[in-house]
Every structure is written in structure tokens, then in C-alpha cells.
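Letter by letter, the chains look like this.
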2 protein chains.
Amino acid sequence: MTTTSESPAAPPRPAASPDGRPPDHTLVYRFGAGAADGSAGMGDLLGGKGAGLAEMSALGIPVPPGFTITTEVCADYYARGLSYPPGLEEQVAAGIEHIESIAGTRFGDEAGPLLLSVRSGARVSMPGMMDTVLNLGLNDETVEGLARASGDERFAFDSYRRFVQMYASVVLGVRRASEEAPEPFEALLAAMKRRRGVELDTALTAGDLRDLVAQYKAAVHEQSGRAFPDDPAEQLWGAIAAVFASWNSPRARVYRDLHGYPSEWGTAVTVQAMVFGNLGDDCATGVCFTRDPATGVRGLVGEFLANAQGEDVVAGVRTPQKIGAAERAPLGGPTLEETMPEALSELAAAAGRLEDHFRDMQDIEFTIQQGRLWILQTRNAKRSGYAMVASAVEMVDEGLIDEQEAIRRQDPERLGELLHQVFRPGAPREVIARGLAASPGAAVGRAVFTPAAAVEAHARGEAAILVRDETSPEDIEGMSSAAGILTARGGTTSHAAVVARGMGTPCVSGCSALQIDFRRDRFAVPDGDGSLLEVRAGDVISLDGSTGEVMRGAVALADASFPPEYERLMSWVNERRRLGVRANADTPEDASRARAFGAEGIGLCRTEHMFFGEDRILAVREMILAEDEEARRAALDRILPMQRGDFVGILRAMDGYPVTIRLLDPPLHEFLPRAGREQEELARALGRPPEAIARRVDALREFNPMLGHRGVRLAITYPEIYETQVRAIIEAACELDAEGVDVHPEIMIPLVSTEAELAVLRERVVRVAEQTMERAGRRVDVTVGTMIELPRACLVADLIAEHADFFSFGTNDLTQTAFGLSRDDAGRFLPTYLEAGVLSRDPFVEIDTVGVGGLVKLGIERGRSAKPDLKVGICGEHGGNPPSVAFCHDAGLDYVSCSPYRVPIALLAAAQAAVASAPA
Amino acid sequence: MTTTSESPAAPPRPAASPDGRPPDHTLVYRFGAGAADGSAGMGDLLGGKGAGLAEMSALGIPVPPGFTITTEVCADYYARGLSYPPGLEEQVAAGIEHIESIAGTRFGDEAGPLLLSVRSGARVSMPGMMDTVLNLGLNDETVEGLARASGDERFAFDSYRRFVQMYASVVLGVRRASEEAPEPFEALLAAMKRRRGVELDTALTAGDLRDLVAQYKAAVHEQSGRAFPDDPAEQLWGAIAAVFASWNSPRARVYRDLHGYPSEWGTAVTVQAMVFGNLGDDCATGVCFTRDPATGVRGLVGEFLANAQGEDVVAGVRTPQKIGAAERAPLGGPTLEETMPEALSELAAAAGRLEDHFRDMQDIEFTIQQGRLWILQTRNAKRSGYAMVASAVEMVDEGLIDEQEAIRRQDPERLGELLHQVFRPGAPREVIARGLAASPGAAVGRAVFTPAAAVEAHARGEAAILVRDETSPEDIEGMSSAAGILTARGGTTSHAAVVARGMGTPCVSGCSALQIDFRRDRFAVPDGDGSLLEVRAGDVISLDGSTGEVMRGAVALADASFPPEYERLMSWVNERRRLGVRANADTPEDASRARAFGAEGIGLCRTEHMFFGEDRILAVREMILAEDEEARRAALDRILPMQRGDFVGILRAMDGYPVTIRLLDPPLHEFLPRAGREQEELARALGRPPEAIARRVDALREFNPMLGHRGVRLAITYPEIYETQVRAIIEAACELDAEGVDVHPEIMIPLVSTEAELAVLRERVVRVAEQTMERAGRRVDVTVGTMIELPRACLVADLIAEHADFFSFGTNDLTQTAFGLSRDDAGRFLPTYLEAGVLSRDPFVEIDTVGVGGLVKLGIERGRSAKPDLKVGICGEHGGNPPSVAFCHDAGLDYVSCSPYRVPIALLAAAQAAVASAPA
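Attention now goes to the overall build of chain A. Helices and strands together make up the secondary structure of chain A, namely 35 helices and 34 strands. For chain A, the spread of C-alpha atoms along the principal axes amounts to about 100 × 70 × 60 Å. Burial status across chain A gives 56% buried among its 920 residues. Sequence separation of at least 24 residues holds for 67% of the intrachain contacts in chain A that already meet a minimum separation of 6. Carbon and sulfur atoms make up 49% of the accessible area of chain A, which amounts to about 36400 Å² in all. Averaged over its 93 positive side-chain charges, chain A has a centre that lies 3 Å from the centre of its 133 negative ones.

Listed below in C-alpha cells is the structure:
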């Protein structure tokens, strides 16, 4: 181990080569004070983090100074058998001097030390690699300097305690190894709290913490056999070695193997000055956005805490202050504009430069240390769907980006927010409290006070509003089950707010008027008269996530609101996309809604949903329980006019557009009652003995219904069912045709696995259709096609295509059969799979492009080899999932079909896919 | 319509061209009297039947004379808009003269007419085409001649009645067309029987039948609007036109479309003289084999009925006489050798020529009409498995065929007969009756008297012997459910005998001592003392299908017997096959048996079968019901030594061969009791509340267990199960290695669909294996591979192969998932599918080469692209199915694995595939 103090002075830095990269022997790239050796394009050499910091610094953004040891050093380090290349010590020492010269403090200075952070940084972020070590440089001497500088001895020793623990764990490897050798620090902390008779860490004094540091170090010595290094330089070199070692941790290696990343890539090490927002009243820390993340309106908005650390803002424990006067809801204290106008104008300048440079709305973390602004991080801001659309169109108008970029920049999932409900304008609201507008949208539901209660309410089909002081990651399931989230603490970047926006769930945060009593499951807010108004678990409340208002009772809901810019964005979208977008809709209402959202037809109309209608389920059951074909036909004859009515409504709603109607798909037992009591009722209704019903239900029961007697198989054994459905479709079409409605029914046969099935069915469908049209004395445009939803159908798609006018890939069932994975049962192990990384995503949500997608491609290729003009679509849930839509574009499908609410999302995703694949 | 009597004399027939085919304008090819215009190679022109008759006639075989109108005439007939080409009339007339000159009778002669049969005959046999019309030429005058010639007026008029009905139906189209227009003949027949007060057709007199003919003809006139044609020539041309018309029947067209046969092929028409075996005591009809179909021993054997028609022999109504004295069991009367020695020697000569020509055992139908022998048909004889092996090896020794042909000629399925049980030699037998040895093998079971009872017994898992007077096609299911079949009537070519041999089911037929009382479900046989011995339903009897003996009680069974020639055949087989053959075996006993049958290892050892053992199921259940990993491990620790013991036994039995062990596959709920009572018992045994058991059973229940939480998915969620199994395997292997046993365990992970699953499992398996070997202080040869049984696995086989030493295709599950077809539920509609021809065969029996096979090929190709030396096998049921084995050979698999009893079948099928694909 060597230290910088022993190393000679750094050699003069050679000039950069023409491509901006210093000559080969440059091992360390510096940044800070408005300059940098590296740049954004050097991610392979500096890692993602190092390159980003270089970029910002070169832009003149005041980032805390630092330097990055290149990934090549890591590779070289391994090639040399774990020793550093010559020159590294000198260049690191020069890097430290570079930091010191900018920060104005010295590394290891007992008076007021320079503290450092050390981070790993590969080309891509990778689990298993070393986390950050913060506050490196603290020892028994420098901690006193920090205490003096901050005027907060407790803070200094708490930082020291945390540093020792973190360093011991990630650098010295002192951690829980087995049952017999537990990690010592938590136990020591707990013992200290016991001795002091306190429950919370925060109740320990500076003295307690000082004692703990000594105990921690003793434990480190005992477990690692070495004294904790007090020399800051030794600390630094230890951390560098630990970063390099973490590149070859078992977990990182497995991850690299799985993703095919070569081990030669190596990791960079970024060393950067720590800055502190808690060294006095001229200090602060905060986050800001270059535009309003809720509305997209241009102008700096954000929150800060004076004399505080960054964690305090994110944790949402203290309610933060606002940055500027322009912002809507007054918060905890004076604004930054009022308290530090100079720092604010510096911040505004930096923010403007960053937005111009990245040409997107930025989310910026900053710290002000003794009046000096430091930008810690910037990234493209998360924003509401409303803001996403509005700001992108506005940026096109500002000339910042072009239309293609506006499309590319949309997160299609966020459009969902625009499609969800808002309150009816002018509807009466009894506002009982106001908080932050943390996630837009309107929510009405019963108040619940635990995530578990939210989950239970969701399971019962009830809307719930989850009320909490603040939220944390373990609350995720409850949050996703809730219709809305209300927190007493935390800002618009608190956990609750960030997560709720991600989920598109309305959220009001930082509603400090709430007095929550968790033991009794209720909260109180002061009413106007000085008394308290109580809301108990189960009471209905309403949240407006776009205004921050909390209302008693259910406020009337209206349809979703779109920003005025939406229409322009969608016109660009529709100009550019190649894929058609249809909707899955089983009712005239759904069909009309889908059409309003931009659907160009129906890709999947499930006729079985119609069978469940209260007015017809009895006839359906009678049909299923019929002893022979005649009785079955009699029951079907009663169903026919009702089905015809359904089709009239749907075809009319889609006037001028195609409507793909899937004939009956589920196994018949799905329509029969399972419970004995219901079976008895049915027996009474049909005038049959209950045993007969029970027997039939029993006889129809299947071991694996998903792979059972359903789809085309029903049609082969009971031809009359499909015959009736075809008659209903054609009669409806002829009736509308007579009215002048432009109808295009497409009859779809499900679950085909052999060409013979479709050949037989096509012949029957065409025959019945011809007979029906003859009787009606009209001809309508009707085609016959099939779902491709079984692997075998993909394999023999060329043979099947001979009998099909179109294919519609049913990727739900195709995923089930390709993986051998029952959607209904996968819940038992899919979470474990996702957690363990065995699957990177749920294949029912996002299409598995390699396996299931491979089958789809095979099916298209073979189908079109037999019939080049075969129309091909997709009608599984994947049709509304953006990455899956991109797959469909690339695979050459003609259209996707998805639920009505996802139509705009699919339209946008289709345009993004077209833009992505357009020649540059 | 034109008749031959009006046509001019036939032109002299031109000489045949050099290739044996007459010049182009030849439309009619004659055969008979030891000569023929055509030959066997002319199937395209003469149809299969016509070419076969020409071949036989040219060989000097006395076939009834006739002629064939070529398929080209049919095509020409359609091309000309349904009119005959010039010259056809003349050539048909010449053909009739040719027949008359050989038969010595004249077409339409009232004194003793020449009657004709007319048949369609395309290149391939095809449903929907015209059946035979027999006895064409009968009218009110010629029938009297037939009556005189046969001395049997009733026979003549019954023939006439049948002719009118048949001709009316197939030529004139008088048949049941709809509810309103029933086919008239059955009604008239029924009315006549009512009037006469009789139940059976045979009770009607010649006069009754004469009246019926008149009624039939009147009905024909009424329904068709035309008189029934009395002119024999008009009858003939009508039949020819009907054959041509049937080529374009809807059913034939659909069949052609499905099989891709062009409509230009056309059909031939074969017209042939009728011969009669019932014109007096110098007449007979029968069937014979050139070798004994039960044993393969050379020499004519067969049966005949004097003064009878062919149907009488096949129907098994009269018990036939034997052909030669050499035959074993004396039958109904004197032998042919005794009654017609000259005809017999002619028959023997013809049989010899046929066997030499076709170089295979022949099954010959013959009729002797007034002392003159006619051969009606010959075909390769169906034979027992024993005879098949014995005769083929003998024919090689005779120089008739070569070894490859001997292999090619085996029906691998029949080998099964050799593998089934026979009675232990010397075991005591209480023989109560003797019949014909109709199908070899030994059967022991409870007597049942209806096919339904046989089915029920089978469902209960009981062996049943089906006892019947005779059998008919609707008894098939009962026959296939029976362990053995015993009939009171019928010969060795009766329905019961033929079907039983086809199924490999032991059968004793023609046991005339049986007096069956079907009303009381029992039979009686005379015992030695003149009294009767009774056997009731449920009593156990034994059948020896190789000797014809029927025994009371259960005779002790021994292992199957092989003909002495078997070893030589299998040595040829093993020289030629490329595919390895392994067995699926879960016990040391099965492993030893498989090895004795020729297995070269185990391809699938299912460890779950071991879990069901009575001594361990409790520990298994405890493991499943464990609340945490620790309790699960404790239960697994108790299972470990038992599993180790299993593996010791199996690996020892396969000393020197690989043993593929599949780790636990089924979902855990399969091991738990379903019934409440059993759950309570389990609760008591485990000292747990019954509700806890019920809750867990309920929690584990799945909607689609086939697609559920099983296979590798169990291992991802409960790693300790596979870890225990791997330990047991490696401990067993090390223990045996120490003893000097040569062990090659191959550890197989089931239900893999992603490479990550296998990567994770391989790492774990290897780790545990290494630890176990380290503890044991030995190293054994162990590999790790995976089942490929999901479509996705085939698609990503290249990625999976990176982590696999071998692939074993699980085509059972692959068939289920590729088709989306649950094996447990498919019974509801698969029969309809097979019946309707939507599927040509059950894909669980014979691999679906296009779909499932396509996935297998994809899997092999991609797997080997990543790892060229990847070992690839198959372990589904298909591994023992000969066409599937051929597929595996062609697809380039390394081995197949099947149940022990099917190993010889797979070996043979593998050799056949190699022979078939060997360069000629």
C-alpha cells in the first residue's frame, strides 16, 4: 500500500490529443472549475458517471471537483496481477492537488478537512459492484475539524461512525459472513442504545457516537486482523483497490456472463470532493426542475432545506421550502429567492445551461456550502404525462428539439395519466386540507391507513386512498393497490411522490395539516371553526393530485383531460407511424371510446364476454347442458338475436373500420356455476334435477383448462355454436349495410393448431355466411382468419395461411404455451424469478422477443411465404405495451390491438418505433 | 348409352411396344389365362388393383379373367365433357369376349351366365370412390340360369336382390338422401320379414326374395324415374360411368385436396369375371398362408369351406375345414388334401410361385368352381411377431431375401408379442377346453361376457378375458381392453383372430365346446365325466393363444419367449442402426430388464416415482408441508439415504452405461392427499392440525398444473430439494465407484425455458456435486444437462446449450405445449379429431413431425450451433414408437429412450431407419 504523501510531485499534464483525449499514459482524468480532461463521449474510458461529471464541468457547471481513474487502469491492474501501472500514484496525487486547489481545503487537514467520495463506474451500471464510500478522509483528527466547521459535533461523529462502518464493510470486507460471524456494528449500536435507554439513533449524543466509533474500530481490528486505517491516503488507496476488486465479485461476474459483457471492460473509479449543505445558515441543499414537472410550464421550480443534508430532502422527514415565489403552494419557510438570491441566480443560470445542453427538462440536485453553489447531479426530469406532452411540444416551438425528437422523448406509459379520470369541472368539493400536487389525477376511495389494508381493499374490488405520514419502499404493494396516496410529510420528490408518479396514481404529499392516529385508524384536520374534523378508516375521501386538495366524500369524476398540445403531438405521431392500432373491445361503449382515442378498428372482439350477460347466461347454460344437438340448437336460437344485437352495436360504432370477431373461445365449463347452491338454482330454472347439473359440471371439468376443450376444438365437436355466431354476425352486418353503415366484419377462429382445423371451419363459416347473405339478399365484405396462439401454429403457418385471410397473434396464450407457464399459476414463482434475475421482466407484460417473439417472426415469415399479402396483427395484452409494440413494428406486423385506454400509448409507441427505425 | 352387342367386332389387338406397354390408342388392358397386357409397374395407368391382377396373371396364376380401362380414359372422359374417347366401346367389347373365351360362359347368357364385378382403382386407394359392384349381368332371365347352375334358387335370388340394391345405390344413386326420402330397400326387406313372421333374412324363401327383387325394381323406377336396366351391357356401361363419376365425388375431392393428389390422375375401372365356390360339392372357397402365420414354419396352411362363398369363411359363422394334414388342430371336416387333391396341388404350385415372386409369406384367397382353382387375391400375410422374426431369418437362409430386407420387413410393433408373457413351462394347467391358436401369448384374467364389461374391468385395473360367440367391429374397444379373447366360433382368420393378432392380444378362437349363456353371464364346457363345468363372470381363467388351450384358474406366467432366430436378427439390427437405444426406468428391476432387452443405458430415470414409495411418502409430505427451509431440509435429510439407495441399485444395474436422472419434476401438490380423510390421517401422523394440511393443499392447488410450479421452477424457489437429490446421486456414484462399478450419472434439469434457469441450476448442481465428491474423496464422471420440453427452449436452444452437456427432448410435454393440448383432457375431443380426419394420428402416440418435430429439429440445430458435440436424445413416449424413431434417426439424434418392453422395438425401428436412409 502506498500513499500520495510518499509520492513525488505529479508530472506536468501533457496537452490533450486532437480527439480531445490525452495521450496514452494518461490514467487519471480531472474535472472541476469549469473545465475537464474528459467529455461525455468517453463513457467507455471513464464510466458513465465519470463521463457525465466531465461533461458538466466542461459546460461550466459548478460540480464538486474530482478525477476519474480510467477503466483501462482496471484492466491493466488485472493484467499485471493486481498491481497498478507505473505513473498511477503520481497522477492520483496530482488529482488530489487539483481537487484541493479548487475546493480550498486540504485532504487530511485537521483544521477543516477535504473529504472525498469514491465510486465505481463501469460503462453500464452493474449490480455487485462497489457502492459509494462517502466522507473518506475522516479520522480522529479530521473529525474534530469537521465538528468545528459545521458547528455540529454530533453530525461530525455520526458521519465518522457511518464512514467507519461503510468503509469496513465495502473496503475491508467486515460484514455478516455466516450465522457464527455476524456483522458487529448493528449489535454495538443496539447495545449503546440499550445502555442509554433510548429507542432512536437520533437520541444518541455526540459523546455516545464518539464511543461507538472507538468500539467499531476495535471490532474491525478484531475481525479483519488489521487496524482501521487512519491515514486518509491509505483510506483512498484501499477504496480504489476495493472498487477494482468489486469488478470481479461473484455477483458482478454472473451479471456480466448473463449479459455478455466482457471482463476486459473494467471499471473506472471516480474520486470527488464532498460538499456539505449543513455547515451553517449560509448552507442549503435541494432539488429543482427546469420546468414544472406536473404541467410542463417553463421556469425553475423546486424545494430546498436550509442547513441540511441531501438525504433530508429526499427522505421527506422535514417539509422543505420552495425555491421561487412563482410557485403555487406556500410551504415550510421563506423561499430560496428570499434567503439566497445570488445562489438562486447562479442556480438558474446553471439550470438554463443544462437544459439547453441536454435539450430536455432537467432534475437537478444542488448543495450550497457557505454561499457557494455546487451542482451534484442533473438528469432528465421525471414528469407527469401532462407535462411530458406539453413540454415536448413547447420545446419544438422553442426550436430546442424537432418533431421526431418530441415523439422519441415521450414515455408512452405516462400518456396513461392523461387518459385517467379527473374531477368534473365545477363539481362541488368540500376541501378539508391542502398538500402538494405530487402526482396528477383524481382519486376517490375509502381511507385506509396501512398498505395491507390497501391490498385487501383492492382484492375486494374497492377503491382505497392510502393515508400515511410518509412512505417507504416496503409499502410498494399497498401503494400500487391504492387509487390514491395522501401523505402528511414529504415534498414532490419524496418517495411517495416519485413512486406515485411512476405508477400514474394520484398523490397529494406534504399535507401537514393531517394529524394521523394509526392506532385508531383515523386522521383529523382542523376545520374552519377551530375544532377538528375526523376521517375514519372506511370513510370516503377524494384527492386531486393536480392541485393538492383533499376533499371529504366522493367528488364527481369527469373524463381525463389532455393538454392542449396533445392533438399536435398525436398528429406528428400519426404522420410517422406505420403500424395500425386497433382496440380490443367487446361492447359498443368500449368500441366508441376506443375510436375516440384513435383506434382504427377492433382487433379483438371476444364473443364469450357477451355470453355472460345476465339476460342470456341462462340460455347459454341450457345450450351447454343440452343432451343432443337439437336441444343445443334450440338454446342457441334464443341466443342468436341477442348476439346479433351486440354485433349491430359494435359494427355501427366502427363504421368504416374492420372489426375482428373471435368466435367462442373458453371451455364450456367456464359458463357453468361451480357452487352447489348456484347449481341448484340453475336446476330449478331449467326444471332439471340438480344431480344432472352437478354431473355435467363434473364431466366438463378439466385438469388443464388452458390446454383443454376450447376454441376451434369446441367448433369441431359442436359445429352449431359457431354456426349460430356466424349467422348473428352476418345478419347484423346485412342489417347495417341496409342502413348505409360501412361494415367490415372479420371472423376469427381461435386456438388453431393444424391447417385441417381451419380448412374445415373456413368451409363451414363461408357456407353459413353465404346462406345468411342469400337470405338477407345482400352481400357484405367479410373475411375469415385465425388466431395464431399456439407454437405449432407458428411452425405450420404456411399451411394455415392457405385457409386464412388474416392472422392475429394471440401472444397471451402463445406466451403461456411457449414458456409452459400458466398465467393463473405463475404468481407462485414469477416474483422469485424476477427477483433472482432469472427473468428480466414479466413475459406477460412485455413480449419475450427471443422466444415468443421468435415464434411470432417464424409465423409471419412462413405465413407470408404462402400468402404474401396476408394481413397480420397482434391482439394479446402486449399490443398496448410500448417495447412490445416496437417489436411488432420491427417484425413487420400490420397492426396491434390493445385495450381502449391504451390506444394512445400504442399509437405513440408505434410512432417511436417508426422514428427509431427511420433512416437517420 | 350403347351396348357391346351393338358394337362391331373388336379390332385385332396390336402387339405390345418394347417397354411392354401397348401403343397409345390402347384403352383397355386384358388379363387372364396366364397372360396379361399390363404389369405390376403400371399402377399409374391401371390403378393398384389392375396392375396387381395383370402381374399375377402374367405369372401364370389362375386369376379370374378380366380387363382394366386405364386411368387415362378417365382423364380423357372429363376432358371431353363426360364422353368416352373413340375406340373405347370396341376395346371393352373385345375385353368381354376375352373374358368369355377364358371363362367358358357368355355375358348375358340365360343358360348359365357370365357375371362380372366392376371396381374402381386409382394409383392410391382413396375414400369416397365407388365400391365394387358384384354379380353384374343378372336380370330376370340370367338369374334363372344361375339358379340352375348352382342348384340353389334361393342363393340365385338372394344374389339378384343384393345386386339390384347395390347397383341402385352406387350406380343409380338411389340411397337415403334426407329425412323425407329414405333409402327404400331396407324398409321393403323389413316389411317382407314382418309379413312372413320371421326375424332373420336367412329365413326368407327363394319365392320371398323373388318378390323382393320385383319390389326393389319398382322402388328404383319410382325414385330414379327410370326402369332398372335389365340389359347386362347397359348395366356394365352404367357401372363404368359411375366409377368415373365417383372420382369427382365431394369426399374424394376433399381427400385429394388434403393429400395434394392432382385430379388429372383419374381412376381406372377393372372388370372381372365372377367365380363361385357354391355351385356344388366340387366347389369350395378358402384362404391359405404359404407359411404358418403363428410360427413362420414353411408349408401351406389354411382353411376352406366346401360349397360356400368367401364371406362365409371370413364371417366365421361356419367352422372351416383345414387345407392339409400337416396342420395341428383337427377341425370341422375332411381336409382339402383329402377332398380335392388336384386342386390342392394347383393351389400349392400357385402359392409357391406367389411367394417366390413377392419374396414374402403370402395370404391367398381362392375359390374352386367346379373343380377349377381361381386365385382371387394375394397379399403379404399378416403374421405373429414370432413368425415374422422366424420367417424372415429363414428366408435369408433360403436366399429369398437379404439381411437388410429381413430388417426392413419386420413390423417393429409385433416384436411386442415376443416380449409379452407366456406360461411358465411345466406349470400345472387344468385344461377345460381347446380351440384354435388364433393369436399367440398367455393371458390370465376374469371372465367377462360383454365388451363393456371388459372396458370396465380395464378401468378398474383388472385383467379380463373377453368370452364371445364371435366378435364384430363394434367390439373393438372391449377387445383392446381385454387381456385375452376367447370365441366359440370362427377360425384363425375370423374377426376375433385377425384383430387380436393386430393388437398382440392372446386369442383362442373356434372353441366350439363352449356353451355360452349371455343372459346369465357364464359358460359351460363338458368335463371328462359327462357333466358340465361352469365358469361364471368374474371367475379367473387362462388362455394360451399359442396352443389354443383354455385353463381354469390362473396358470403361472413366465417371461416371453423369443424364436431362436431372434438373436441373429438383432445382431443384424445392431450392426446397422446408428441411433442409440436407452430405457426409461425408475427401479433397479426395470433397469436390469431393459438391459437384458438390449438397452444401452437409461435415458430417463424419474426420481418422483421414488418419492411415492410407501416408506418415504410421509417424509416427502413433511418436506412439502414444512413452514421454512430448515424444516424442509430436516425432512429432506430423512429422504436422502433412501434416494441414495435407489440410485445405488439403478447405477449398479447399468454398470458401464450412462444413466440420465431427472431431478424432481411434478408440482408438489401431486404428493399430497386430496381426500379429507387422508388429510386427517396425515395430520395425525405429523401431529399437526388437519386444517393446516387442508390449507396447504389448497394453497398449492393449481389451475393448470401442467403449466405450473414444477420442474426447474421448484428448484429456483426451493433450492434444497435438488441439492439433496444431487447429493444422493453423487454419494451413490462414489460408493459404487469404490466398489469398481463403472458409473456415469447424467443429471437432468426438467422444464427449462430460459438459459438463466439452467445457468443457475448448473452452478448449484456442480457445486453440490463437487462438495460431495470432495467429502467422499473420489471423483466420478458426471454431466449436467436438461430436458428440452417447452417450445421456448427449442427457440433458445443455442443459449441453453452453453450450460448443458446434453439435451433430452421431452416430446410428451413438447406435444402438449406445441399443440396447447392437455394429455389428460384431450380425450374429450381427440377421438372426434381422429374420426373427422382433422388429425391423421394421435400426436401423443406418433410424433407430429411437422410441428413438434419442427421444434425438435430447431432445438437440435440451434443447440449444436452453439455446441457441436452436444449429446442429444429423446425420452418421451415417442422413443418407442417406430415412425417416431425413424424421425429421430433422420433428425440426427444420438439416442432414443423408451420403456423397457419397447427397447427391442426401438432397436429394430432404429435399424430400419438406418437401412431406409442408407445409400441404395
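All names here are of chain B. Of all 9 residues in helix H22 (residues 617-625), 7 are buried, a share of seventy percent or more. Looking at H22, one finds that the buried residues are Ile 617, Ala 619, Val 620, Arg 621, Met 623, Ile 624 and Leu 625. Where H22 is buried, its residues meet helix H21 (607-611), helix H23 (629-653), helix H24 (676-686), helix H25 (690-700) and helix H27 (719-739).

A few words now on the sheet that holds strand E19 (residues 484-487) of chain A. Residue and element names in this part refer to chain A. Pairing is mixed in the open sheet, where 8 strands are placed in the order E15-E25-E24-E17-E18-E19-E20-E16. The two strands at the open ends of the sheet, each matched to only one other strand, are strand E15 (430-434) and strand E16 (436-439). Sheet twist, expressed as the average angle between the axes of neighbouring strands with direction ignored, equals 35°. Relative to strand E18 (residues 464-468), strand E17 (residues 442-448) is paired through 3 bridges, and the arrangement is parallel. If you follow Arg 446 over to E18, its bridge partner there is Ala 464. Strands E17 and E18 of the sheet are contacted by helix H16 (residues 451-459), whose axis makes an angle of about 180° with E18.

This part covers the packing of helix H19 (residues 566-576) of chain A against helix H35 (residues 903-917) of chain A. Residues and elements named next belong to chain A. Following both chains from N to C, one finds H19 and H35 inclined at 50°, their axes separated by 8 Å at the closest point. Taken together, H19 and H35 sit at an angle that is classed as oblique. For H19 against H35, the interelement crossing comes out left-handed. Packed against H19, whose contacting residues are Tyr 566, Met 570, Val 573, Asn 574 and Arg 576, the element H35 presents Pro 904, Leu 907, Leu 908, Ala 911, Ala 914 and Val 915 at the interface.

For the structure shown, the criterion picks out 38 aromatic pairs over all chains. Taking 4.2 Å as the distance between ring centres and 45° as the angle between the ring planes, the aromatic pair formed by Phe 562 of chain B and Tyr 566 of chain B counts as tilted. Exposure remark for Phe 562 of chain B: the relative accessible area of 29% places this residue in the partly exposed category. Aromatic rings pair up to connect Tyr 77, Tyr 78, Tyr 84, Trp 237 and Phe 244 of chain A into one cluster. Between the NZ or CZ atom of Arg 256 of chain A and the centre of the ring of Trp 247 of chain A, over which it lies, the distance is 4.1 Å.

Once that is clear, we can look at the interface of chain B and chain A. Each side of the interface is counted separately: chain B has 45 residues, and chain A has 46 residues. For the pair chain B and chain A, the summed buried surface comes to about 4100 Å²; carbon and sulfur atoms form 63% of the total. Among the residues chain B hides against chain A, the three largest losses belong to Leu 707, Arg 792 and Arg 828 of chain B. Together they make up 16% of the total. Across the chain B-chain A interface, the total number found is 2 salt bridges. With a closest N to O distance of 2.6 Å, Arg 792 of chain B and Asp 848 of chain A form a salt bridge.

Attention now moves to the relation of the copies chain B and chain A. Between chain B and chain A, which share one sequence, the superposing operator has a rotation angle of 179° and an axial displacement of 0.2 Å; the RMSD is 0.4 Å. On this basis, the relationship between the two copies can be described by a two-fold rotation axis. When the interface residues of chain B are mapped onto chain A, 100% of them again lie at the interface, so the same face is used by both copies.

This paragraph deals with the pairing of strand E27 (residues 580-584) of chain A. Residues and elements named next belong to chain A. Most of E27 is tucked away, with 5 of its 5 residues classed as buried. Across 4 bridges, E27 lies against strand E34 (residues 895-898) in parallel orientation. Note that in E34 the partner of Val 581 across the bridge is Val 896. Pairing between E27 and strand E28 (residues 602-606): 2 bridges, direction parallel. Residue Asn 584 lies in a different strand from E28, and its bridge partner there is Leu 604.

Turning our attention to the side chain of Asp 813 of chain B. Residue and element names in this part refer to chain B. You can see Asp 813 is positioned in helix H31 (residues 811-819). On the accessibility criterion, Asp 813 (10% relative accessible area) is buried. Residues within four places of Asp 813 in sequence aside, it is in contact with Met 706, Arg 710, Leu 751 and Glu 789.

A separate point is the pairing of strand E32 (residues 806-809) of chain A. Residue and element names in this part refer to chain A. The alternating pattern of E32 places Phe 806 and Ser 808 on one face and Phe 807 and Phe 809 on the opposite face, and all of these are buried. Direction of pairing for strand E31 (residues 783-788) relative to E32: parallel, over a ladder of 3 bridges. When the bridges of E32 are listed, Thr 786 appears paired with Phe 807. In the sheet, E32 pairs with strand E33 (residues 871-874) via 4 bridges, with the strands oriented parallel. Paired with Phe 806 across the bridge in E33 is Lys 871.

In this section: helix H4 (residues 142-150) of chain B. Residues and elements named next belong to chain B. Buried within H4 we find Thr 142, Val 143, Gly 145, Leu 146, Ala 147 and Ser 150. Residues of H4 that are buried sit in contact with strand E5 (113-114) and helix H5 (153-170). Immediately downstream of H4, the backbone of Gly 151 shows phi near 65°, a positive value.

So, on to the pattern of salt bridges. This model, assessed by the stated rule, comprises 120 salt bridges over all chains. With a closest N to O distance of 2.5 Å, Glu 622 of chain A and Arg 638 of chain A form a salt bridge. Note that Glu 622 of chain A is positioned in helix H22 (residues 617-625) and Arg 638 of chain A in helix H23 (residues 629-653), a separation of 16 residues in sequence. Under the relative-accessibility criterion, Glu 622 of chain A is labelled partly exposed at 30%. Salt-bridge contacts for Asp 360 of chain B lead to Arg 409 of chain B; the nearest nitrogen and oxygen are separated by 3.5 Å. Placement of the pair is Asp 360 of chain B in the loop between helix H12 (341-358) and strand E12 (362-369) and Arg 409 of chain B in the loop between helix H14 (403-408) and helix H15 (412-419), with a sequence separation of 49 residues. Each member of the pair, Asp 360 of chain B as well as Arg 409 of chain B, carries the same accessibility label: buried. Salt bridges sharing partners connect three or more residues here, namely Arg 291, Arg 298, Glu 355, Glu 394 and Glu 398 of chain A.

In this section: the sheet that holds E28 of chain A. All names here are of chain A. Strand order in the closed barrel formed by 8 strands is E27-E28-E29-E30-E31-E32-E33-E34, and the pairing between neighbours is parallel. On average, each strand axis in the sheet is tilted by 30° relative to the strand beside it, whichever way the strands run. Packing of H23 onto the sheet brings it into contact with E28, strand E29 (658-662) and strand E30 (744-749), and relative to E29 it is tilted by some 150°.

Let us look at the packing of helix H13 (residues 385-397) of chain B against helix H19 (residues 566-576) of chain B. Geometrically, a packed helix pair is captured by the angle between its two axes and the distance between the axes. All names here are of chain B. Packing of H13 against H19 brings their axes to within 9 Å, and their N-to-C directions diverge by 75°. With respect to each other, H13 and H19 are oriented roughly perpendicular. Contacts from Val 389, Val 393, Val 396 and Asp 397 of H13 reach H19 at Tyr 566, Arg 568, Leu 569 and Trp 572. For the contact of H13 with H19, the residue count by class is 6 nonpolar, no polar and 2 charged.

Below, the discussion takes up the environment of Arg 662 of chain B. Residues and elements named next belong to chain B. By the secondary structure assignment, Arg 662 is in strand E29 (residues 658-662). Sequence separation of Arg 662 and Val 896 is 234 residues, and the distance between their C-alpha atoms is 16 Å. Once residues within four sequence positions are removed from consideration, Arg 662 is found in contact with Leu 604, Cys 605, Arg 606, Thr 607, Glu 608, Met 748, Pro 750 and Met 787. Within the structure, Arg 662 has its side chain in polar contact with the side chain of Glu 608 (distance 2.6 Å).

Rules and cut-offs
- Residues numbered from 1 in each chain as written.
- Chains lettered and ligands numbered in written order.
- Predicted model: local features only at pLDDT ≥ 70, side-chain atom pairs only at ≥ 80, totals over all residues.
- Heavy atoms only, no water.
- Helix = DSSP H or I, 4+ residues; strand = E, 2+ residues; numbered from the N terminus.
- Buried < 20%, exposed > 50% of the residue type's maximum accessible area, 1.4 Å probe, protein only.
- Contact = heavy atoms within 4.5 Å.
- Areas by Shrake-Rupley, 256 points an atom, 1.4 Å probe, with all protein chains shown as cover.
- Lys, Arg positive; Asp, Glu negative; His and termini not counted.
- Charge placed at Lys NZ, Arg CZ, Asp CG, Glu CD.
- Pairing = 2+ DSSP bridges.
- Axes fitted to C-alpha atoms, helices over the stretch in contact; angles between N-to-C directions.
- Parallel < 35°, antiparallel > 145°, perpendicular 65-115°, else oblique.
- Left-handed = near helix turned anticlockwise from the far one by under 90°.
- Phe/Tyr/Trp six-rings, centres within 6.5 Å; stacked < 30°, edge-to-face > 60°.
- Lys NZ or Arg CZ within 6 Å of the ring centre and 35° of its normal.
- Buried area = accessible area lost by both parts, 1.4 Å probe.
- Salt bridge = Lys/Arg side-chain N within 4 Å of Asp/Glu carboxyl O.
- Least-squares fit on C-alpha atoms with pLDDT ≥ 70 in both.
- Nonpolar A, V, L, I, M, F, W, Y, C, P; charged D, E, K, R; others polar.
- Polar contact = N/O pair within 3.5 Å; in protein donor to acceptor, adjacent residues only side chain to side chain.

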